[in-house]
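Architecture and fold: a report
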Amino acid sequence: MNLHIVKSRESEQFVEYDLIKVLKCSMCLGYLLPSLYKNPTSDNTICFYCHYQFTEVEPELNKETIEKVSKTNFPCRWRGCETTKLGVNLVDQELSCKHRMFKCPVCTDDMIKREDVISHVKEHGSYRGQG
Ligand SMILES: [Zn+2]
Ligand SMILES: [Zn+2]
Ligand SMILES: [Zn+2]
């Protein structure tokens, strides 16, 4: 057994950016992570996150795409996180990731760290806390 493998090159850690650059969501331009859906307004594939933007979406049935996504390593989408996982496993990681950013409900295009959400919203003067 060859034990001299550099850790970041182990199969579960290695991201083939050439391969995944075509596996992007047509809406958020993030990587496609399962479950995949069809964009109702075009024929492109959209990711797990974006399907919430539609009331009616159909699942993506393209086997080739589904397989590629579940068997390929992707980097976590949140900046600062160095986790890479197979597509099928990454969604859970991203949802619980400590680097996850949230959208401000007031200035909707801001992305805020979990621990800064309350103080940020307070700055808008519209936050009515429980105390
Ligand atoms: Zn998306
Ligand atoms: Zn992460
Ligand atoms: Zn804001």
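Computed from a predicted structure; not experimentally measured.

Once that is clear, we can look at the overall build of the protein. Helix and strand content of the protein: four helices and six strands. What you see in the protein, going N to C, is helices and strands ordered as α-β-β-α-β-β-α-β-β-α. The proportion of buried residues among the 131 residues of the protein is 12%. Excluding contacts between residues fewer than 6 apart, the proportion of contacts in the protein whose partners are at least 24 apart in sequence is 25%.

Mapped onto this structure's residue numbering, the UniProt feature "domain: C2H2-type" (unreviewed entry) falls at residues 104-124. In residues 104-124, helix accounts for 33% and strand for 14%; the two terminal C-alpha atoms are 10 Å from one another.

Moving on: the nonpolar core. If you look at the biggest cluster of nonpolar residues, it comprises eleven residues: C25, Y31, L32, L33, L36, Y37, I46, C47, V69, F74 and L90. For L90, the residues in contact, after removing those within four places along its chain, are L33, F74, C76 and K85.

Below, the discussion takes up the confidence of the model for the protein. Summary statistics for the protein give a mean pLDDT of 85 and a share of 86% for residues scoring 70 or more. Long-range and interchain partners of residues 1-10, a stretch whose pLDDT sits below 50, account for four contacts in this model, where long-range means more than four residues apart.

With that settled, the discussion passes to helix α3 (residues 87-96). Buried residues of α3: G87, L90 and E94, and no others. Around the axis of α3, the buried residues are gathered within 40° of arc, so they sit on the same side. Summarising the geometry of α3, the exposed residues directed more than 90 degrees from the buried face are D92, L95 and S96. In this fold, the buried residues of α3 make contact with α2 (63-70), β3 (73-75) and β4 (84-86).

In this section: unusual backbone geometry. Backbone torsion omega between P34 and S35 reads 0°, so that peptide bond is classified as cis. Even without glycine at this site, L29 takes up a positive phi of about 60°. Inspection of the secondary structure puts L29 in the loop between α1 (17-20) and β1 (37-38).

Right, let's talk about the environment of R100 for a bit. Checked against the element boundaries, R100 lands in the loop between α3 and β5 (101-103). Expressed as a C-alpha distance, the spacing of R100 and K113, which sit 13 residues apart in the sequence, is 6.3 Å. Contact partners of R100, with chain neighbours within four places excluded, come to W78, E94 and R114.

Criteria and cut-off values
Residues numbered from 1 in each chain as written. Chains lettered and ligands numbered in written order. Predicted model: local features only at pLDDT ≥ 70, side-chain atom pairs only at ≥ 80, totals over all residues. Helix = DSSP H or I, 4+ residues; strand = E, 2+ residues; numbered from the N terminus. Buried ≥ 20, exposed ≤ 12 C-beta atoms within 10 Å, placed from the backbone. Contact = placed C-beta atoms within 7 Å. UniProt positions renumbered as here; feature names shortened; annotations may be inferred. Core = buried A, V, L, I, M, F, W, Y, C linked by C-beta atoms within 7 Å. pLDDT = per-residue confidence, 0-100. Arc of directions from axis to C-beta.

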